[in-house]
Amino acid sequence: MAPDYQRIPAIHRLLDLPSLQAAAADHGHALVMEACRAAVERLRSRLDAGEVSAAAVEAAVEALEEEILDALRIDSNAAYTSVINATGVLLHTNLGRAPLPQHFPPSLKSYLALEYNVTEGRRGQRLAPIADRIARVCSAASAVMVNNNAAALLLLLNAHASGREVVVSRGQLIEIGGSFRLPDVMAASGSILVEVGCTNRTHLKDYSAAIGDKTAAILVVHQSNFRIVGFTTEPSVTELAGLAHARGIPLFVDQGSGALHDLRRWGLPHEDTVSQLLEAGADVVCFSGDKLLGGPQAGLIVGRPEWVDPLGRHPLYRALRPDKTALVMMDEVLRAHHSGHLGEIPLYAMLEITVESLKGRAQRLGRRLRAAGVPVRGRPTRATLGGGTTPEETFPSYGLGIAGGQQLADRLRTGTLPLISRIEDDEVVLDLRTVPVDQDRDLAAALVEAYSGLHASQDAGA
Ligand SMILES: *Cc1c(COP(=O)(O)O)cnc(C)c1O
């Protein structure tokens, strides 16, 4: 029997429905028309495929209106929805790394003196104000800011090592998050990678033997997201700087995480800070803006003027320069670092919360949730910095645990406000360290929604 196309309403009939007229006022006629066409098309193919029995056609036609409205609702959602991060991973690359400060600088809501000298009433410098701020915070002579650390390396190597060799230890040829592979970035910069040493051991004499006429620089790359342990050795930055300078070439360091303070203050393992690397003799240090700096996505390049200053005048700079949003937010975050008001930077606010206060929140949430029929319990957890910093390293935190496994975790993730949790021993674990206090109410609502949804579906299935 041929499919029953006659029963499918014409598009203009659908468009006449009051609910879709109202939707057209909200979303625009074109979008509603598109949604109607798509829904009708889907119904046609289901009829063609024999997926809808004659008896069910009526209901399928009835359902069209709701289907179209649903599609429009999804379409009008933001492309990047906000989520509750209860994973305990502070710098979660998939969730936007460092959360930005709550305070949105006024200059972002108005015109701003981006490339304008207000005192003299003429065109001003775009890079100089932020470069000055970065240099002061890092105790560096010069600084440049680009879009991310990959761009920083690309620019640095293209400007100073294109067509020439750069010496790197085999233990440092890293891949970060799939899309950043050091050898690929080097190749794109036009520089030639010269690998020295072995994966676990590279000696100063290996570097020394590799330096020749064509060598442009030594590059040290922080091992960021992995550790080589056991029988290992790498020369120190001081030793490498001594060697490089004796041979008339610079030492570049890709520090990665952008540690500006002694991490032991927060019970984390020590990592050389940017200014320590400069003091140890590095000519240039580059790092990300959205890792330990706690700022927007950016790549910062600091060091000696002879290597750093040409970067801001390089033709590639125009393609890699940050937009005004990143410049203004970076200035905001760097001022907090400079003044020591680290609590204004969400990353440091999260690091500074005590386990005791997290426990208090967990107790309050627990009482509220159990009263709503959700059997959570408070439990100790381990948080981690993430974002390719301090791998494997965890520190004490506190949160909630609830039985339910993957099914509950899936429901939490796909709820009205997505809540991202983790699973340990079949228990869904919510670490409160990465959840700002003002999201507690949303977190409770998400749990109630997911838990009752799961049990309603299980009861229906039983
Ligand atoms: C994170 C990291 C990068 C990549 O930085 P992006 O800002 O993500 O481009 C490069 N090198 C090291 C050592 C890193 O840790």
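Just so it is clear, the structure is predicted and the values come from calculations on it, not from any experiment.

A. Examining helix α9 (residues 237-246) more closely. For α9, the complete set of buried residues consists of V237, L240, A241, L243 and A244. With its buried residues spanning 165 degrees around the axis, α9 presents them on a single face. Of the exposed residues in α9, the ones pointing more than 90 degrees away from its buried face are T238 and A246. Tucked into the core, α9 has its buried residues touching α8 (204-210), β10 (215-221), β11 (251-256) and α10 (274-279). Just past α9, the residue G248 takes up positive phi, approximately 75 degrees.

B. Quick look at the site of the ligand. Surrounding the ligand, one finds 13 residues, the nearest of these being N149, S224, D254, S288 and K291. Between S288 and the ligand, the recorded distance is 2.7 Å, taken from a side-chain N or O atom to an oxygen atom. The protein chains hide 94% of the 380 Å² of surface that the ligand would expose on its own. Taken together, the elements giving at least two residues each to the shell around the ligand come down to α6 (149-161) and β11. In the shell around the ligand, the residues fall into 4 nonpolar, 6 polar and 3 charged.

C. Inspection of the sheet that holds strand β5 (residues 142-146) at higher detail. Read across the sheet, 7 strands follow the order β5-β13-β12-β11-β10-β6-β9 without closing on themselves; strand pairing throughout is mixed. Looking at the sheet topology across the chains shown, the edges are occupied by β5 and β9 (192-196). Neighbour to neighbour, the strand axes of the sheet diverge by 25 degrees on average, direction disregarded. Two elements, strand β12 (residues 284-288) and strand β13 (residues 299-303), share 5 bridges in a ladder whose sense is antiparallel. For S288, the partnering residue across the bridge sits in β13 and is G299. Sheet contacts for helix α11 (residues 305-313): β5, β11, β12 and β13; angle to β5, the most-contacted strand, approximately 35 degrees.

D. Fine view of unusual backbone geometry. Residue S139 is not a glycine yet carries a positive backbone phi of 50 degrees. Residue placement: S139 occurs in the loop between α5 (128-137) and β5. Overall, the relative accessible area of 58% leaves S139 in the exposed class.

E. Quick look at the domain arrangement of the protein chain. Split into domains, the protein chain comes out as domain 1 (5-76), domain 2 (84-95 + 349-461) and domain 3 (106-343). Here domain 1 and domain 3 have C-alpha centroids that lie 54 Å from each other.

F. Focus on the side chain of H160. Relative to the elements of secondary structure, H160 occurs in helix α6. Taking the relative accessible area as the measure of exposure, H160 reaches 12% and is therefore buried. Here the side chain of H160 touches W307 through a polar contact of 2.7 Å, landing on its backbone oxygen. With residues near it in sequence (within four places) discarded, H160 still touches A216, F252, E306, W307, P310 and L311.

G. Spotlight on the sheet that holds strand β2 (residues 89-91). The mixed open sheet is built from 5 strands, whose spatial order is β2-β14-β15-β18-β17. Single-partner strands in this sheet number two, and they are β2 and β17 (422-424). Averaged over all pairs of adjacent strands, the angle between their axes in this sheet comes to 45 degrees, without regard to strand direction. Pairing of β2 with strand β14 (residues 377-386), which is carried by 2 bridges, proceeds in the parallel orientation. Residue pairing for β14: V89 is matched across the bridge by T384. Taken strand by strand, helix α15 (residues 355-371) contacts β14 and β15 (394-403), and its axis lies near 5 degrees from that of β15. The sheet contacts of helix α16 (residues 405-413) involve β15, β17 and β18 (427-431), and relative to β18 the element is tilted by about 40 degrees.

Analysis parameters
- Residues numbered from 1 in each chain as written.
- Predicted model: local features only at pLDDT ≥ 70, side-chain atom pairs only at ≥ 80, totals over all residues.
- Heavy atoms only, no water.
- Buried < 20%, exposed > 50% of the residue type's maximum accessible area, 1.4 Å probe, protein only.
- Helix = DSSP H or I, 4+ residues; strand = E, 2+ residues; numbered from the N terminus.
- Arc of directions from axis to C-beta.
- Contact = heavy atoms within 4.5 Å.
- Near = heavy atom within 4 Å.
- Polar contact = N/O pair within 3.5 Å; in protein donor to acceptor, adjacent residues only side chain to side chain.
- Areas by Shrake-Rupley, 256 points an atom, 1.4 Å probe, with all protein chains shown as cover.
- Nonpolar A, V, L, I, M, F, W, Y, C, P; charged D, E, K, R; others polar.
- Pairing = 2+ DSSP bridges.
- Axes fitted to C-alpha atoms, helices over the stretch in contact; angles between N-to-C directions.
- Domains from an automatic or database assignment.

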